[in-house]
Each structure stands twice: as C-alpha cells, then as structure tokens.
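Tertiary structure, described
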Amino acid sequence: MAILHRQSTNSGTSERRYEIETQAPAGAFPARLVDVMETFGVERPSFDDPSKMEVKDVTTLLFAIRDDEGKVHLVQTWEMTLSANEKSALIKLLQSWKGEAPPVDGTYDYCTEIGNVAQVTVAHKTSRKGTTYAVAAGVAPLMAAAADQAPKLEEVVIPGGARAEAMQATTTVAPEASTENTADGEKDPF
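Model, not experiment: these values are computed from the prediction. Each residue is numbered by its place in its chain's sequence as written, counting from 1. At least 70 in pLDDT is required for a residue's local features to be given in this predicted model, at least 80 for side-chain atom pairs to be given and counted, and no such filter applies to totals for whole chains, interfaces and linings, which use all residues. Calculation of side-chain values draws on the structure's entire complement of heavy atoms; hydrogens and water are dropped beforehand.

Some details on the packing of aromatic side chains
Each aromatic ring pair is specified by the distance between its two centres and by the angle formed by the two planes. Pairing of aromatic side chains requires ring centres within 6.5 Å, counting the rings of Phe and Tyr and the six-membered ring of Trp. Pairs whose planes differ by under 30 degrees are stacked, by over 60 edge-to-face, and all others tilted. Using the criterion set out here, one finds one aromatic pair in the structure. Here, a charge over a ring means that NZ of Lys or CZ of Arg falls within 6 Å of the ring centre while also lying within 35 degrees of the ring normal. The positively charged end of K98 is found above the aromatic ring belonging to W97, 4.5 Å away from the centroid.

So this is what it looks like as structure tokens:
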C-alpha cells in the first residue's frame with residue numbers, strides 16, 4: 001500500500017527495476033499505469049555523505065504505451081524515494097500528472113492510480129556503461145479523446161508479475177557504489 005505521509009527524505013541511486021526486454025520508442029504517447037514497484041528498507045549510501053548508510057523506501061512506476069504499429073511497450077520511471085515531501089520526485093510526478101499535489105495526510109494511496117491513463121514522454125538515455133535504455137521522463141494529463149489509445153490492463157504482461165503489493169528489500173548497496181547523477185540531474189539506473 002502506498003499511503004503518502006509527510007516526511008523529509010532525499011532520493012538515492014540504488015535501483016530495483018522491471019526487466020523490460022524490448023525498449024520503448026522515444027516520444028509522447030497515451031499510456032496507462034500498469035504497476036507500481038515498492039521496496040521498503042533499502043540500505044544504501046547517503047546522497048549527502050556516501051560514507052554513511054541510510055535506509056529508504058523507494059518506488060518505480062510502470063506504464064504501458066502503444067507504438068505507431070500498435071505494439072504495446074513497457075516503460076518505467078526512475079526509482080524515486082517514497083516521500084511526501086513537496087520537492088520529492090514522486091510528488092512532482094503525481095502533481096504534473098494530476099494537475100495538483102496529492103493529499104499527504106494519509107488518505108491517498110497512489111497505487112489507486114493503477115489503470116488510469118496519462119500522457120507519458122519516453123526518453124532514451126545512455127548509461128555510463130554505454131547501455132541505451134528508455135525511461136518515462138515525463139507524465140502529464142491525457143486528453144479524454146485519446147484515452148482509448150492507451151493499452152488496456154489486460155493487454156499487458158508485467159515482467160516478473162505485478163508488484164503493486166510492497167516487497168521487502170533483500171539487497172544492500174555497497175558504500176563505494178556510485179551516487180553520481182547523470183547530466184540532467186536524474187539517477188543513472190545502469
């Protein structure tokens with residue numbers, strides 16, 4: 001369950017990702033949120049002081065889009081700290097999608113957005129290792145007339161199965177792991 005409560009945290013770099021085999025094309029597409037991956041208790045180096053470890057709860061959103069030939073593709077967001085802080089990436093994403101900040105008083109579960117449509121901007125990024133990957137770089141409201149262009153939930157196969165229920169972290173990120181940001185300020189998942 002993804003109930004948002006006001007807290008003060010920073011986002012980090014350790015990734016728990018969906019294993020997507022086919023890269024989504026770049027561009028803006030009608031999309032549907034098909035799953036949310038939450039991981040609680042992730043231990044990793046602090047962004048402010050990589051020599052110190054911190055424990056974070058993180059989330060990744062998975063969207064389905066349809067390309068020009070009608071093929072369904074999956075694209076995920078960067079991993080975000082599960083934080084209700086107004087400056088958090090999660091709150092900014094939800095605000096850009098819904099047009100207003102979600103309630104952070106414990107009454108809103110962002111997993112209830114699964115099945116809802118959005119306009120998703122897919123960007124192609126290249127990791128420090130030279131791997132090109134697709135990422136949901138922007139999420140905005142979708143015009144009602146385009147809602148039927150987004151893939152239906154039943155058309156989507158989620159790699160590894162749906163994860164809308166929380167999972168407990170089973171990995172620890174080494175203190176020497178890179179906390180370097182990519183050029184545009186987002187975390188590099190590779």
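Brief notes about the pairing of strand β8 (residues 132–140)
Two strands are said to pair when DSSP picks up at least two bridges between them. Under the DSSP-based scheme used, a helix requires at least four consecutive residues in state H or I and a strand at least two consecutive residues in state E, with every element numbered from the N terminus. Sheet topology note: the strand β7 (residues 117–126)/β8 ladder contains eight bridges and is antiparallel. Considered in β8, the bridge of T121 is made with G138. The turn joining β7 and β8, which pair antiparallel and follow one another in sequence, is formed by five residues; a positive phi near 90° is taken by G130.

Structural notes on the pattern of salt bridges
Criterion for a salt bridge: a side-chain nitrogen of Lys or Arg within 4 Å of a carboxyl oxygen of Asp or Glu. One pass over the full model with this rule turns up four salt bridges. Between D49 and K52 there is a salt bridge, with the nearest N and O atoms lying 4.0 Å from each other. For D49, a relative accessible area of 27% puts it in the partly exposed group. Judged by its relative accessible area of 53%, K52 falls in the exposed class. The shortest N-O distance in the salt bridge between K98 and E113 comes to 3.0 Å. One end of the pair, K98, is in helix α1 (residues 89–98); the other, E113, is in the loop between β6 (105–109) and β7, and 15 residues separate them in sequence. Relative accessibility decides the category of a residue: with a 1.4 Å probe and only protein chains considered, values under 20% of the type maximum give buried, values over 50% give exposed, and everything between is partly exposed. When its relative accessible area of 36% is taken as the criterion, K98 is described as partly exposed.

A look at the confidence of the model for the protein chain
Residues with a pLDDT of 70 or more make up 78% of the protein chain, whose mean pLDDT is 81. Residue range residues 5–15 is modelled with pLDDT below 50. Its contacts to residues more than four positions away, or to other chains, number 36 contacts. Known as pLDDT, the predictor's confidence for each residue is given on a scale from 0 to 100. Residue contacts follow a heavy-atom distance rule, with two residues in contact if any of their heavy atoms lie within 4.5 Å. Counted against residues more than four places away or in other chains, residues 166–185, with its pLDDT under 50, gives 40 contacts.

Some words on the side chain of R44
Assignment of secondary structure puts R44 in strand β2 (residues 27–45). A polar side-chain atom of R44 sits 3.3 Å from a polar atom in the side chain of E79. Counting of polar contacts relies on pairs of N or O atoms within 3.5 Å, with two restrictions inside protein: one atom must be capable of donating a hydrogen and the other of accepting it, and residues adjacent in sequence are counted only when both atoms are side-chain atoms.

Re the environment of P102
By the element assignment, P102 lies in the loop between α1 and β6. Note: C-alpha distance between P102 and K92 (ten residues apart in sequence) is 9.6 Å.

Notes on the environment of Q76
For Q76, the position within the fold is in strand β4 (residues 72–76). Judged by relative accessible area, which is 6%, Q76 ranks as buried. Along the primary structure Q76 and D35 are separated by 41 residues, whereas in three dimensions their C-alpha atoms are 9.4 Å apart. Apart from the residues lying within four places of it in its own chain, the contact partners of Q76 are R17, Y18, I20, T60, L61, L62, V135 and A136. At 3.0 Å, the side chain of Q76 and the backbone nitrogen of Y18 are in polar contact.

Details of α1
Of the residues making up α1, those classed as buried are L90, I91, L93, L94 and W97. An end-on view of α1 places all buried positions within 160° of arc, on one side of the element. Directly after α1, the chain includes G99, whose backbone phi takes a positive value near 85°. Comment: arc refers to directions from the helix axis out to C-beta atoms.

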